[in-house]
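A structural walkthrough
Listed below are the residues making up each chain.
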Amino acid sequence: EPRAVLTHAEATLRLATEQGYPYRRATGTMLHGWATAVSTGADDVAAGLDELSRGLDAYRDTGAAMDLPYFLALLADLLIRAERFDDASSALDEARSIPRGRGYYYEPELLRLRAEVLFRQGHADLAKEAGRRAIEVARSQQARSLELRAALSALEHAGDDAEAAEAHTAVQTVYAWFAEGFDTPDLQRAKAALAD
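In this text the structure is predicted, and so the values were computed from the model without any measurement.

Turning to the nonpolar core, a few remarks are in order. Residues Leu 52, Leu 56, Tyr 59, Leu 72 and Leu 75 are the most contacted members of the largest nonpolar core, which totals 35 residues. Breaking this core down by element, the ones donating at least two residues are α2 (22-40), α3 (45-61), α4 (68-81), α5 (85-97) and α6 (107-120). Residue contributions to this core peak at 10 residues, all from α4. When residues no more than four places from it in sequence are discounted, the contact partners of Leu 56 are Met 30, Leu 68, Phe 71, Leu 72 and Leu 75. Leu 148, Ala 170, Val 174 and Ala 190 belong to the second-largest nonpolar core, a separate cluster that totals 16 residues.

Tallied over the entire structure, the rule returns 7 aromatic pairs. Between Tyr 21 and Tyr 23 the ring centres are 6.4 Å apart and the planes differ by 45 degrees, which places this aromatic pair in the tilted class. Their ring planes at 70 degrees and their centres at 4.9 Å tell us that Tyr 70 and Tyr 106 sit as a pair that is edge-to-face. Remark: Tyr 106 occurs in the loop between α5 and α6 and Tyr 70 occurs in helix α4; sequence separation between them is 36 residues. According to the relative accessible area criterion, Tyr 106 is buried, its value standing at 10%. Grouping aromatic residues by their ring pairs yields a cluster made of Tyr 21, Tyr 23, Tyr 59, Tyr 70, Phe 71 and Tyr 106.

Definitions and cut-offs
Residues numbered from 1 in each chain as written. Predicted model: local features only at pLDDT ≥ 70, side-chain atom pairs only at ≥ 80, totals over all residues. Heavy atoms only, no water. Core = buried A, V, L, I, M, F, W, Y, C linked by side-chain atoms within 4.5 Å. Buried < 20%, exposed > 50% of the residue type's maximum accessible area, 1.4 Å probe, protein only. Helix = DSSP H or I, 4+ residues; strand = E, 2+ residues; numbered from the N terminus. Contact = heavy atoms within 4.5 Å. Phe/Tyr/Trp six-rings, centres within 6.5 Å; stacked < 30°, edge-to-face > 60°.

Here's what the structure looks like:
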């Protein structure tokens, strides 16, 4: 929900600056950059990407690493939007190279983004495998939102009727699990996909 992220990132930046808190200033900068790029369209992807990259550098300067895989996923997302697939792949490689820890709650999204890069680079078979793995890992973590996002990506990139049917079933299964949040973007996308 980029508009909400933008609002909260602006508040974070204001307070972090007032209080002299470099860690929160760095995280606010990254989130503000991502939200700017995503909420304003293709014209501002470069500006948002630059802001996110500056925030990532500041984050590293604090010595923090706890949520680095998450922030690298945001970077990869914007790099994909900017069609800088090799750079996105490098960001994902770095995220996956970080020792397992708290950041691995986001592993399904790292795999989904890897699939997206591979699709864009013309490696459909590898992309489908990464997409299947994203669904499996999300399911094993009971990370329903990430499972839904991965299933939606699989449906979007299905190559034939059998793949489409399998992905449709995956979307339908995880969508049925939700009891609230139906106004969120991923659930709205799922509803539209199921209606098709």
